[in-house]
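Descriptive structure summary
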Amino acid sequence: MSEAALIGLFVATVQFGTLVFLAALGELISERAGVLNLGVEGMMAMGAVSGFMVGLETGSPWAAFFAAAAVGALVGGFHALVSVVLGADQVVSGLALTIGGLGLAAYVGRNVVGERPETQFTDLGIAGLADIRWFGEIFFDQPPVVYLTVGLGLAVWFVLARTRLGLALRAVGESAPTTDAVGHSVMALRSGAVMAGGAFAGAAGAFLSLYMAPGWTEGMVAGRGWIAVALVIFGAWRPGRLALGALLFGFTLALQPRLQSFDIELLGVEVSRISPALLGILPFVLTVVVLVIISWRYRHRPSPAPAALGLPYRREER
Amino acid sequence: MAKKLLLKSLVVLAVLTLVAAGCGNDDGDDEVVAAFVYVGPPGDAGWTWAHDQGRQFAEEQTGATTLFVESVPEVAEDFRAVVVDFIENEGADIIFATSFGYMDPMEELAGEYPDVVFEHASGYKMNDTNFGNYFGRMYQPRYLSGMAAGAITEANRIGYVAAFPIPEVLRGINAFTLGAQRVNPDVEVHVTWTFTWFDPAVEGDSAAALIEAGADVIAMHQDSTAPGLAAEAAGARWVSYNSDMSEFAPDAFITAPVWNWGPYYARIIEAVASDSYTPGAYWGGMDDGIVALAPLAADVPADVAAEIDEVAAQLTDGSWDVFTGEIRDQDGNAVVAEGETMEDGAMLGMGFFVEGVVGSATG
C-alpha cells in the first residue's frame, strides 16, 4: 500500500463522511424536535438535481448549492405540512416524500441526464497548510463544502445545547403539550426544524452532484439518504457522536474500492479478499449493533431518543 | 425497497399515460409498430442511450412507428404490464426488451402472444416461432481499445472499474488486457469491483482509488461518466464504454468500445414487415457493425493506430478472433491452446482472468 493510496483513503473518508454528515445533521434537527423524516433520500435527490440544473444555468457552484438547500427546505415543507400541521403519520408521509422526491427529481431532471457539468466545487488548497505532509491533503485541501459542514455541525450543536431556541426545540421533541403550555408554537418549531432538515439534505444532494460525482442521473443518491437516517440513531441524537459516526461510515464507504487494491494481512486473513459487496452493508450492521447497545445500556433509564419522536400533536387531543 | 416502489409508481404512471394516449388505436394496419422496453432513462449517455439511438435510427430507416417506456424494473409483473399495454392498446408487432432480467416473463409472453415478435437483448432463451435474442461481441472493440490504452500508459498499470463479476464483464476485461499486452507486454490491468451498475459516486471514487494506487489509465464496465471525470481531474487517461464520451473528459479520453444497435433493429423490423422473420440467437461482431471502436485520441502513436486498423480488419473479415491461443489464466494455466480459438459457448460462460489481470475473478 503506497503513501498516496493511504492518503487517498482518508481524503475520501472525509468526503463521504461530509456527504452523510450534512444530510444526517438535518435529520437530527428534525428528530430532536420530535419529527421523524424518512424522506431524506428524496430530499437529497431533489437537491442534487436542482443544484446541478442551477449550476448549468448560472455557472456558480455556490448559487447552485444554496438553491439546492432552498429546494430541500421546500420539499421538507411538504412533510411539515402533512405530518406536523395536518398531523398525519410521519412514517407514511416520510416514505411518500422519498418515493415522490425520487420520482419528481427524475422528472425535473429528464432533460439534463448525462449532461456535461458547467461548474463544480474545487479543492481549496489552503495556503501554507495544504503542503503539510499527510495532514495537508486530508484536512486542508478539501472542497469548501467540507469546511462549511464542519461549521454547521458546530452551529447546530451550539444552538441545540446553548440557546433558548435549542431548548424549545428539544422540549418540543420531548413533550409537545408541555411546550405548548409554556406558550411556544409547536407547529412553528416543528415545521421550522423539518424545513431546516430539508435544507441540509438538499445541500448534501448538491455536494453529490456538484463535487462527488458532477452531473445528474436518476438513482445517483444510491441509498445515502438512508445511511443518514441510520446515522442519527448511530449518533444517539447528538451532533458530536454523529460526526464520529459519519467519519466511520465514510471510512467504510471509502474502503470499499480501495481494500481490493491493498495487500493487507491481519491475523493470517487476507483482508483485501473481503468482498466489497459485504463491506457495503457494514454501515447498516454497525447501526443495528449500536441500537442493541443503546437499548441495553438504557434499559433502566429513558432512551436517548427524543420521547415524542414520531408522535403527531393536536391540541384538542391533549 | 423505496427505489422499487418508486419505479413501480413510475411504471404505473407511464402505463396510464400510454393508455390515455393509445385509446382508439388498434392493430390490423400494415405499418409495423415496434415497442422498446428500457431498463434506464435514455439520457444516461450509456446503455439505454445507445439502444435509444438504435431505435431512432431504425425508425428513420424503416418508417415504422416506434414506442418506448423507460426505467422499467426487472420485475416480472412490471415488465408484463408494460408489454401487455404495448400489445393490447398500441398494436405493437415487435417488442424489444433491452435488459437481461426481462428474460423469463418475456418467454411467457411470447407463448401468450404468438402473433407478436419478441426480441431480447443479452439473454439466451428463444423459441422456433416468435422469440429470439441478440447481443454483440463487445469483446472485439474492447480488445482494440486495450491496444490503444496499452500504448498510452507510461506506468504500465491500467485501472479497470467494473460492475459485477459475470461472464460478460470478465470477457471484456480479458479482451482489453490481451489487447493491451499485444502492444505492451509489461502492462498490468488492476480491477476494482463496484457491485453496482449505477452509482456515480462509487464509480468515480473507485477510479480515483486506482489512480492513487499507481494507474495512469482508467477503463470501465460501468454506465456513468464518473470514472472519466475522476481521471480527468487527476490528470490520468480514460477509455469509456457504451458511447463516445469524449466531450465529458476531452483531455483524458483515449477511445471507447461502443454499441451500434440501429442496423439490427432496422433489419428485424424489415423482416417482420415482409413476414420473413425467423427467431435466432444473434451474437454479431465488428463484421456487422453492431459493435465498433470510437475515434482514437490524437496522441495514440501512428504505428499502433495502424495496427488497430489491421486487427479491426481481421476481426471484421473473420480471419482472426480475440480469444485465440495460447492464452493463460491468472495462475499460468493454459486455457486456450496454441493456435486454437475459444468457442462461443466457452466465451459466454467465461469465469477466469487472463494472465496480467490483477484482482479476483469472483469479486
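Residues numbered from 1 in each chain as written. Chains lettered and ligands numbered in written order. Predicted model: local features only at pLDDT ≥ 70, side-chain atom pairs only at ≥ 80, totals over all residues. Heavy atoms only, no water.

Some remarks on the sheet that holds strand E5 (residues 131-136) of chain B
All names here are of chain B. Short version of the rule: In this scheme, strands are said to pair when DSSP sees at least two bridges between them. Strands are runs of DSSP state E lasting at least 2 residues, helices are runs of H or I lasting at least 4, and numbering of each runs from the N terminus. Helix axes are fitted to C-alpha atoms over the stretch in contact, other axes to C-alpha atoms as well, and angles between N-to-C directions run from 0 to 180 degrees. The contact definition used throughout considers only heavy atoms, calling two residues in contact when any of these lie within 4.5 Å.
The strand order E2-E1-E3-E4-E5-E12 describes an open sheet built from six strands, whose pairing is parallel. What marks the edges here is a single partner per strand, and that holds for strand E2 (65-69) and strand E12 (281-284). Each neighbouring strand pair of the sheet contributes to a mean axis angle of 20°, computed without reference to strand direction. Relative to E5, strand E4 (residues 117-121) runs parallel, the two being bridged by four bridges. Note that in E5 the partner of Glu119 across the bridge is Gly132. Relative to strand E1 (residues 33-37), helix H3 (residues 76-90) is tilted by about 165°, and along the sheet it contacts E1, E2, strand E3 (94-97) and E4.

What to know about the pairing of strand E7 (residues 188-193) of chain B
Residue and element names in this part refer to chain B. Operational definition: Burial classification: accessible surface area is computed with a 1.4 Å probe over protein chains only, and a residue below 20% of its type maximum counts as buried, one above 50% as exposed, and the rest as partly exposed. Look down the strands so they point away from you; if the path from the first strand over the helix to the second goes clockwise, the crossover is right-handed.
Across the six residues of E7, five count as buried, placing the element largely inside the fold. With six bridges connecting them, strand E6 (residues 157-162) and E7 associate as parallel partners. Counterpart to Ile158 in the pairing with E7 is Val189. After leaving E6, the chain enters helix H6 (residues 167-183) and then returns to the sheet as E7, a path that is right-handed. Two elements, E7 and strand E16 (residues 357-358), share two bridges in a ladder whose sense is parallel. Each residue of the ladder has a partner; that of Val189, found in E16, is Val357.

As for the domain arrangement of chain B
Residue and element names in this part refer to chain B. How we decide: Each domain's limits were defined by an automated method or a database of domain assignments. As a working definition, buried area equals the accessible area (1.4 Å probe) given up by two parts on being put together, with both sides summed. Any carboxyl oxygen of Asp or Glu within 4 Å of a side-chain nitrogen of Lys or Arg constitutes a salt bridge here. Polar contacts, as counted here, are pairs of nitrogen or oxygen atoms within 3.5 Å of one another; within protein the pair requires one atom able to donate a hydrogen and one able to accept it, and residues that are adjacent in sequence qualify only if both atoms are side-chain atoms. Each residue receives one of three labels: charged for Asp, Glu, Lys and Arg, nonpolar for Ala, Val, Leu, Ile, Met, Phe, Trp, Tyr, Cys and Pro, and polar for the others, Gly being one of them.
Segmenting chain B into domains produces domain 1 (30-136 + 261-284) and domain 2 (139-256 + 294-358). Here domain 1 and domain 2 have C-alpha centroids that lie 29 Å from each other. For the pair domain 1 and domain 2, the two sides together bury roughly 770 Å², of which 67% comes from carbon and sulfur. Joining domain 1 to domain 2, the criterion identifies zero salt bridges. One can count zero residue pairs in polar contact (both at pLDDT 80 or more) joining domain 1 with domain 2. A total of three residues in the side of domain 1 that touches domain 2 trace back to one element, the largest contributor, which is helix H2 (residues 47-62). Grouping the amino acids of the side of domain 1 that touches domain 2 by side-chain chemistry returns six nonpolar, one polar and one charged.

Considerations on the pairing of E5 of chain B
All names here are of chain B. Within E5, six of the six residues are buried, leaving the element largely enclosed by the surrounding structure. Judged by which residues are buried, E5 turns out to be covered on both faces: Phe131, Asn133 and Phe135 on one side and Gly132, Tyr134 and Gly136 on the other are all buried. Sheet topology places E5 next to E12; four bridges connect them, and they run parallel. The residue bridging Gly136 from the neighbouring strand is Gly284, located in E12.

Side note on helix H1 (residues 3-32) of chain A
Residues and elements named next belong to chain A. For clarity, the cut-off: Multiplying one less than the number of residues by 1.5 Å gives the expected span of a helix.
Its 30 residues place the ends of H1 41 Å apart at the C-alpha level, agreeing with the 44 Å of an ideal helix rising 1.5 Å per residue. The element H1 is extensively covered by neighbouring structure, given that 26 of its 30 residues are classed as buried. Just downstream of H1 lies Gly34, where phi reads positive at about 95°.

A look at the sheet that holds strand E9 (residues 237-239) of chain B
Residue and element names in this part refer to chain B. Read across the open sheet, the six strands follow the order E10-E9-E8-E6-E7-E16; overall the sheet is parallel. The open sheet has two edge strands with one neighbour each: strand E10 (253-255) and E16. Bridge analysis of E9 against E10 gives two bridges, and the strand direction is parallel. From the neighbouring strand, Trp238 faces E10, where its bridge partner is Phe253. Contacting E6, E7 and strand E8 (217-221), helix H7 (residues 200-212) crosses the sheet at an angle of about 160° to E6.

Notes on a negative patch on the surface
Applied cut-off: Patches here: salt-bridge-free residues with over 30% relative accessible area, like charges joined within 9 Å, nonpolar side chains (Val, Leu, Ile, Met, Phe, Trp, Tyr) joined within 5 Å. The protein chains shown are the only cover counted for residues, whose accessible areas, like all others here, come from Shrake-Rupley with a 1.4 Å probe. Within this scheme the basic residues Lys and Arg register as positive and the acidic residues Asp and Glu register as negative, but His and the chain ends are omitted. Lysine's charge is taken at NZ, arginine's at CZ, aspartate's at CG and glutamate's at CD.
On the surface, a cluster of negative charge is made up of Glu115 and Glu118 of chain A together with Asp244 and Glu247 of chain B. On the accessibility criterion, Glu115 of chain A (36% relative accessible area) is partly exposed.

Focus: a positive patch on the surface
Residue and element names in this part refer to chain A. Where like charges cluster on the molecular surface, the positive patch consists of Arg238, Arg241, Arg297 and Arg301. Note on placement: Arg301 falls in the segment after helix H13 (282-297). The exposure class assigned to Arg301 is partly exposed, which follows from its relative accessible area of 45%.

Observations regarding the interface of chain B and chain A
With 31 residues of chain B at the contact, the number on the chain A side is 35 residues. Summed over both sides, the interface of chain B with chain A buries roughly 2,700 Å², with 63% coming from carbon and sulfur. On inspection of chain B and its partner chain A, the count reaches three salt bridges. Residue Arg258 of chain A pairs with Glu212 of chain B through a salt bridge whose shortest N-O separation is 3.1 Å. One can count five residue pairs in polar contact (both at pLDDT 80 or more) joining chain B with chain A. Take the side of chain B that touches chain A: its biggest share by element is eight residues, from H7 of chain B. Of the residues assigned to the side of chain B that touches chain A, the class counts are 17 nonpolar, seven polar and seven charged.

Considering the pattern of salt bridges
Here the structure, examined in full by the defined rule, presents 14 salt bridges over all chains. Its salt-bridge partner being Glu3 of chain A, residue Arg133 of chain A comes within 3.0 Å of it at the nearest N-O pair. Taken together, the positions of Arg133 of chain A in the loop between helix H4 (90-108) and helix H5 (135-139) and Glu3 of chain A in helix H1 put the pair 130 residues apart, joining distant regions of the chain. Of the charged contacts, one joins Arg224 of chain A and Asp199 of chain B as a salt bridge, the two residues approaching to 2.8 Å between their closest N and O atoms. Taken together, the residues span two chains, with Arg224 of chain A in helix H10 (residues 224-234) and Asp199 of chain B in the loop between E7 and H7. Like Asp199 of chain B, Arg224 of chain A is buried. Within the structure, one salt-bridge network assembled from shared partners comprises Arg258 of chain A together with Asp205 and Glu212 of chain B.

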